[in-house]
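# Chain and residue survey
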Amino acid sequence: AKGKFSVVQIPKGKVSVLKMSQSMLRHIGDKWLARAAMSGNRSSGRTYVSASSTLKVPAATRSVSALEAFSRHKHRSGVFRVQSTPARSWSVSSRLICCGTTSEGGEMARAESNGDLGPINKPSIVMNDALYAYLLKHTREPPILRKIREETSTMRGSQMQTPPEQINLLTLLIELSGAKRAIEVGVFSGYSAVAIAMALPEDGKLVGCERDGNILNVARGFMEEAGLTHKVDLREGPGKDTLDELIAEGGTGQYDFVYIDADKRGYLAYYEQCLQLVRQGGLIVLDNVLWYGKTADPEVNDKQTVAIRELNDKLVRDERITFTILPVGDGVSLCRKR
């Protein structure tokens, strides 16, 4: 990303379509404006797209064909820049994804960025409505979880709920690790907490941390309905305070699995506390680490985005853990304590 532009270089060859990713179209207002027009630079063999025409797309749209007309343009190679501005004052740099054939040698599109990341050998997948529906169709979801998800969708803040495919990843990780004692920071309506408790063995225990007493009561109701109250200890209060309580109770090194999905500005503190609480070989999973694409946009510098960037920068360099980010949901970090 350079300034207000995202830059994607397309090697010479037939390009069928360029698309904006879903993450750049979420939570940015009622309309999204893509300003683009082509101006050739034949001496360098590059074509630049800069501000000119306007394309309006509803914010709810998951993906949009951007510059589709370019596939019919005679210049088939170059660097394309798209400047995007939402209807509100929020600024976002577009992420472009090349869909279709590229150069004769099969070389994939290369994204330019600050620093040498090496070749990108596989283009990203645009998760449009049809593909996501296919994913959900092939995602297992017990009836109680489906009920919680549907009822939560009518609540304020429903976008905070962990998606079903990510829930399946969490439960698989619990089963693979043989976890018995777990912590969740940020319970909300209980969708992920119920799933985690279901994945734990009969003698397992989940400690859930939630500061909102009203929503915690909703989660308690679902726990009772699922018959899991014997496995769960739901505690009301700030997550940092509850984690300090667990440490004071002698919980250091006693937990196997942690899922953090709470206020983003508290992530660094939660991570350090949970790193004390998990055993060697224990796993910490953090949600929303790609933050709707904002983490990669230098134009976005609100406090939550900055906090997540700082967290990611710390995790990738932290030698106390084995670490990776997976592009599942809104991005999840897996941290295994060494």
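Heads up: the structure comes first, above all this text.
What this report covers is the structure whose coordinates are included nearby.

Rules of the game
- Residues numbered from 1 in each chain as written.
- Predicted model: local features only at pLDDT ≥ 70, side-chain atom pairs only at ≥ 80, totals over all residues.
- Heavy atoms only, no water.
- Helix = DSSP H or I, 4+ residues; strand = E, 2+ residues; numbered from the N terminus.
- Polar contact = N/O pair within 3.5 Å; in protein donor to acceptor, adjacent residues only side chain to side chain.
- Contact = heavy atoms within 4.5 Å.
- Salt bridge = Lys/Arg side-chain N within 4 Å of Asp/Glu carboxyl O.
- Buried < 20%, exposed > 50% of the residue type's maximum accessible area, 1.4 Å probe, protein only.
- Pairing = 2+ DSSP bridges.
- Axes fitted to C-alpha atoms, helices over the stretch in contact; angles between N-to-C directions.
- Patch = residues over 30% accessible without salt bridge, like charges linked within 9 Å, V, L, I, M, F, W, Y side chains within 5 Å.
- Areas by Shrake-Rupley, 256 points an atom, 1.4 Å probe, with all protein chains shown as cover.
- Phe/Tyr/Trp six-rings, centres within 6.5 Å; stacked < 30°, edge-to-face > 60°.
- Right-handed = clockwise from strand over helix to strand, strands pointing away.
- Arc of directions from axis to C-beta.
- Disulfide = S-S within 2.5 Å.

Here we come to the side chain of Ser189. Along the chain, the position of Ser189 falls in the loop between strand E10 (181-185) and helix H4 (191-199). A distance of 2.8 Å separates a polar atom in the side chain of Ser189 from a polar atom in the side chain of Thr152. Setting aside residues no more than four positions away along its own chain, Ser189 makes contact with Ile148, Thr152, Met155, Gln161, Ile215, Val218, Ala219 and Phe222.

Overall, the coordinates contain 14 salt bridges when judged by the stated rule. Residue Asp244 is joined to Lys240 by a salt bridge in which the shortest nitrogen-to-oxygen separation is 3.6 Å. Linking Asp244 with Lys240, this pair stays in helix H6 (residues 239-248), spanning 4 residues, or about one helical turn. Given the relative accessible area of 34%, Asp244 is considered partly exposed. Close ionic contact of Asp318 with Arg320 constitutes a salt bridge, the shortest N to O distance being 2.8 Å. What makes Asp318 buried here is its relative accessible area of 10%.

This part is about unusual backbone geometry. Backbone geometry places Asn288, a non-glycine residue, at a positive phi of 65°. The residue Asn288 is located in the loop between strand E14 (278-287) and helix H8 (303-317) in this model. By relative accessible area, which is 8% here, Asn288 ends up buried. Look at Tyr292: it is not a glycine, yet its phi comes out positive at around 55°. Its location among the elements puts Tyr292 in the loop between E14 and H8.

What follows covers the sheet that holds E10. Strands sit in the order E12-E11-E10-E13-E14-E16-E15 across an open sheet of 7 strands; the sheet is mixed. Here the strands that pair on one side only, and so sit at the sheet edges, are strand E12 (232-236) and strand E15 (321-326). Neighbour-to-neighbour, the strand axes of this sheet turn through a mean angle of 15°, independent of strand direction. Examined bridge by bridge, E10 and strand E11 (residues 205-210) share 5 bridges and lie parallel to one another.

Together, Ile125, Leu131 and Tyr134 make up an exposed nonpolar region whose accessible area comes to about 320 Å². As for its position among the elements, Tyr134 is in helix H1 (residues 129-137). Judged by relative accessible area, Tyr134 falls into the exposed class, the value being 52%.

The next point concerns the packing of aromatic side chains. Under the defined criterion, the tally for this structure stands at 1 aromatic pair. Taken together, a centroid distance of 5.4 Å and an interplanar angle of 40° make the contact between Trp291 and Tyr292 tilted.

Most of E10 sits out of view: 4 of its 5 residues are buried. Handedness of the β-α-β unit built from E10, H4 and E11 comes out right-handed. Across 4 bridges, E10 lies against strand E13 (residues 255-260) in parallel orientation. Counted as the bridge partner of Ala182 is Phe257 from E13.

Attention shifts here to the environment of Gly190. With respect to the helices and strands, Gly190 occurs in the loop between E10 and H4. Apart from residues lying up to four places away in sequence, Gly190 is in contact with Ile148 and Ala219.

Now for helix H2 (residues 143-152). Buried within H2 are the following residues: Ile144, Leu145, Ile148, Arg149 and Thr152. Relative to the axis of H2, the buried residues are bounded by an arc of 135° and lie together on one face. Tucked inside the fold, the buried residues of H2 contact helix H3 (164-177), H4 and helix H5 (213-226).

This next bit is on the state of the cysteines. Chemically, a disulfide is nothing more than a covalent bond linking the sulfur atoms of two cysteines. Counted according to the given criterion, the structure contains 0 disulfides. With no disulfide of its own, Cys209 lies closest to Cys274 among cysteine sulfurs, the gap being 7.5 Å. For Cys274, a relative accessible area of 0% corresponds to the buried category.

Mapped onto the secondary structure, Ile325 falls in strand E15. Of the residues examined, Ile325 reaches a relative accessible area of 30% and is grouped as partly exposed. Linking Ile325 and Val285, residues 40 residues apart in sequence, is a C-alpha distance of 9.6 Å. Once residues within four sequence positions are removed from consideration, Ile325 is found in contact with Val289, Leu290, Asn312, Val332 and Ser333.

On their own, these measurements won't tell you what the molecule is for.
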